[in-house]
Amino acid sequence: MLGRHSMAGNEGMSMMNRRRTMFHWIFGLVSSLLVVSGFHGTAHAAAAAGADAGAPVEHIVIDARAAGRPFPHFWDHMFGSGRAALVLRANYQRDLTMMKGATGIRFVRFHGLLDRGVGLTGRHTAAFYNKYSAGAHRPATGSPYNFSYVDQIMDALLAHGVRPYVELDFMPPALARNPKMVQSFWYHPVVSPPRSYAQWDDMIKALARNFIAQYGINEVAKWYFEVWNEPNLSFWGGVPKQSTYFTLYDHTARALKSVSKRLRVGGPATAQAAWVPAFLRHVAKDHVPIDFVSTHVYGNDTAMNVFGRNQKVSRRTMVCRAVRKVHDEIARSRYPHLPLVLSEFNASYSNEPDVTDTPYMGPWIASTIRQCAGLVHMMSYWTFSDVFEEQGVVRKPFYGGFGLIAEDNIRKPAFDAFALLHRLGHVRMMPGIRSALITRRRDGSLVLALWDYSPPDGTGPKYTPPPAHRSSRVFAISVRDFPPRARGFLWRVDGDHSDVLRAFNAMGRPRWPTRQQIAVLKAAGRLAPARPVQLADGRITVRVPQHGLALLLLDRR
């Protein structure tokens, strides 16, 4: 057991030494992060923190009043989710309520607002267009569109205090050139180009007018409208893909702006950080409206697909290397100040239970935030919930789903990591530290995220149990120009804290947990209580295990 000391000893041991020994034994027994009264060198710091003798020690000296950089919480303002129709589900809304209570979520993105499951168009639409052409020959009354579910979806989001990031897809069958051209998702969205761009434009204008009529232009102007999803993959059936997508984008952007120039529109919403230079050259050349650039990347995307080079890029660095690439492409374009929205990202684009279900995600998310700071306007983690149907009816936990919240409203370690990182301050200091984020709040309190990143225990769809023992990293922290005995709190997410997988594994990983087992899993996934801490002469030492994330709050008051 790390940091454990024997309680047997000399009867003549001083009371101070007895207390110190008891202190280390108890805290080591529960693998806690320890606070000590000072440190003198690497070996002492490692031992004092209850770490392995050879644990690496990172010394951090903080000037509490030093100038810093603004640190907007770009990572927790938007999250992705399953297709639009799922917003109407009670379990989706329950998970959204949990997200709202723990993060800074402001926007939700989802596929398929125009899909058949939402009912915007249908047989009545086809009949309407068969009888009338769009535009000049339309009758003065009557509409080929049904906004009932569309409005219920928006009402549900707004009632939860979040706004829609409106992803405009997929093709309504009634408007499709080829309604049988579908993508492989379980709900088979139509990915065909429209049979008539006049009809497509008419629908986009009607949708925008409906939103403004229902919610007012001052509200709708705060939304984002993104044209399609990953047109460079199987989600778009135009040939050739790029030029036909550009045509779709042109029509959509101009249709929206014809209703109100205040509506925000952007793209190309590509996978693998693709097409951005060509897209920006196109909109500049043809004077097409654009308000933001969006793209996607995942930690296990390949360097060949993202950078066009056959090289090894780690899961830890892939996302932000791609973000930097796109950031620089925008900077070199005719629109150097356009905001970049990474409207999908995650450590994996496939079901990998050793990745998205485990504490591994805490250090991965924190490291991604550290690397991407200053390069992106907003990032949208894919997804906030495993209420999700791309691969079929929602599965039971845990199968490597993308969500922060597993089926039955069970928090994963990644959820608790986002909840902790939401508590960081809004001024960032000392950006060069690789395994820490040092921030300051407006009241002068310091908030530090500390982690020990290493690759996941396994990859692919088969779960690999964690090792019996993990190494750890020691952070020896000294704070200057700060109350030397300041108090605070320490939170953790790691294999011993807020790791619901431990409870699930102990149950034998049941495919269909009982109600009683679900209750146990919910309790196991809750964020472990904070531990009170105190500086000792301005110093504190913290041990973080491999795949662990810790958040240290030091109160200046």
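Note that the structure is predicted; figures quoted are calculated from it, not measured. (Residues numbered from 1 in each chain as written. Predicted model: local features only at pLDDT ≥ 70, side-chain atom pairs only at ≥ 80, totals over all residues. Heavy atoms only, no water.)

1. Some thoughts on helix H16 (residues 515-525)
Working step 1: Every buried residue of H16 is listed here: Ile518, Leu521 and Gly525. Summarising the axial view, the buried residues of H16 lie within an arc of 60°, below the 170-degree limit, and thus occupy one face.
Working step 2: Summarising the contacts, the buried residues of H16 are in contact with strand E12 (410-411), helix H14 (413-421) and helix H15 (500-506). (Buried < 20%, exposed > 50% of the residue type's maximum accessible area, 1.4 Å probe, protein only. Helix = DSSP H or I, 4+ residues; strand = E, 2+ residues; numbered from the N terminus. Arc of directions from axis to C-beta. Contact = heavy atoms within 4.5 Å.)

2. Quick notes on the confidence of the model for the protein
Working step 1: In this model, the protein carries an average pLDDT of 89, and 89% of its residues clear a pLDDT of 70 or more.
Working step 2: A low-confidence stretch, residues 1-44 stays under pLDDT 50, and its non-local contacts, those more than four residues away or across chains, total 79 contacts. (pLDDT = per-residue confidence, 0-100.)

3. Concerning the packing of aromatic side chains
Working step 1: Counted according to the given criterion, the structure contains 36 aromatic pairs.
Working step 2: With a centroid separation of 6.1 Å and 25° between ring planes, the pair formed by Phe345 and Trp364 is classed as stacked. Remark: Trp364 occurs in helix H13 (residues 361-372) and Phe345 occurs in strand E9 (residues 340-346); sequence separation between them is 19 residues.
Working step 3: The class for Trp364 is buried, based on a relative accessible area of 0%.
Working step 4: Site record: aromatic cluster; members linked through ring pairs are Phe170, Phe185, Tyr187, Trp200, Trp228, Phe235 and Trp236.
Working step 5: When the ring centre of Phe307 is taken as reference, the NZ or CZ atom of Arg321 above it lies at 5.3 Å.
Working step 6: The ring centre of Tyr463 lies 3.9 Å from the NZ or CZ of Arg509, which sits over that ring. (Phe/Tyr/Trp six-rings, centres within 6.5 Å; stacked < 30°, edge-to-face > 60°. Lys NZ or Arg CZ within 6 Å of the ring centre and 35° of its normal.)

4. As for the sheet that holds strand E1 (residues 57-63)
Working step 1: Strand order across the open sheet formed by three strands is E1-E16-E19, with mixed pairing between neighbours. Each edge of the sheet is formed by a strand with only one pairing partner; in this case those strands are E1 and strand E19 (539-545). Ignoring strand direction, the axes of neighbouring strands in this sheet form an average angle of 20°.
Working step 2: Where strand E16 (residues 472-480) lies against E19, seven bridges are found, and the strand directions are antiparallel. Bridged to Ala476 within E19 is Thr541. (Pairing = 2+ DSSP bridges. Axes fitted to C-alpha atoms, helices over the stretch in contact; angles between N-to-C directions.)

5. Observations regarding the packing of H13 against H14
Working step 1: At a minimum axis separation of 8 Å, H13 and H14 run at an interaxial angle of 40°. Taken together, the axes of H13 and H14 lie oblique to each other. Note on packing geometry: the crossing formed by H13 with H14 is right-handed. Only Ala414, Ala417, Phe418 and Leu421 of H14 make contact with H13, whose side of the interface consists of Met361, Gly362, Ile365, Ala366 and Ile369.
Working step 2: Of the residues that constitute the contact of H13 with H14, the class distribution is eight nonpolar, one polar and no charged. (Parallel < 35°, antiparallel > 145°, perpendicular 65-115°, else oblique. Left-handed = near helix turned anticlockwise from the far one by under 90°. Nonpolar A, V, L, I, M, F, W, Y, C, P; charged D, E, K, R; others polar.)

6. A look at the state of the cysteines
What is meant by a disulfide is a covalent connection between two cysteines, made through their sulfur atoms.
Working step 1: According to the stated counting rule, one finds one disulfide in the structure shown.
Working step 2: A sulfur-sulfur separation of 1.9 Å characterises the disulfide bridge that pairs Cys320 with Cys372. Taking the sign of the S-S torsion, about -105° here, the bridge from Cys320 to Cys372 comes out left-handed. Of the two residues, Cys320 is situated in helix H11 (residues 315-331) and Cys372 in helix H13; the sequence distance between them amounts to 52 residues. By the burial criterion, Cys320 is buried, and Cys372 matches it. (Disulfide = S-S within 2.5 Å.)

7. Some points on the side chain of Glu230
Working step 1: Within the secondary structure, Glu230 sits in the loop between strand E6 (224-227) and helix H8 (241-259).
Working step 2: Of the side chains with opposite charge, Arg109 lies nearest to the buried Glu230, which makes no salt bridge, at 6.3 Å.
Working step 3: If we skip the residues at most four places from it in the chain, Glu230 touches Phe235, Ala269, Thr270, Ala271, His296 and Glu344. (Lys, Arg positive; Asp, Glu negative; His and termini not counted. Salt bridge = Lys/Arg side-chain N within 4 Å of Asp/Glu carboxyl O.)

8. So, the environment of Leu554
Working step 1: Along the chain, Leu554 falls in strand E20 (residues 548-554).
Working step 2: A relative accessible area of 0% places Leu554 in the buried class.
Working step 3: A C-alpha to C-alpha distance of 10.0 Å links Leu554 and Pro532, two positions 22 residues apart in sequence.
Working step 4: Residues within four places of Leu554 in sequence aside, it is in contact with Ser445, Leu446, Val479, Phe482, Arg487, Gly488 and Leu535.

9. Looking at the packing of helix H3 (residues 90-102) against H14
What describes two packed helices is the angle between their axes and the distance between those same axes.
Working step 1: Packing of H3 against H14 leaves a shortest axis separation of 9 Å and a crossing angle of 35°. For the pair H3 and H14, the contacting residues are Met98, Met99 and Ala102 in the first and Phe415, Phe418 and Ala419 in the second.
Working step 2: Residues of the contact of H3 with H14, tallied by class, amount to six nonpolar, no polar and no charged.

10. Considerations on the pattern of salt bridges
Working step 1: Summed over all chains, the structure comprises 20 salt bridges.
Working step 2: The partner of Asp416 in a salt bridge is Arg411, and the shortest N-O contact between them spans 2.4 Å.
Working step 3: Judged by its relative accessible area of 17%, Arg411 is buried.
Working step 4: Three or more residues are tied together by salt bridges with common partners; here these are Arg109, Glu167, Glu226 and Glu344.

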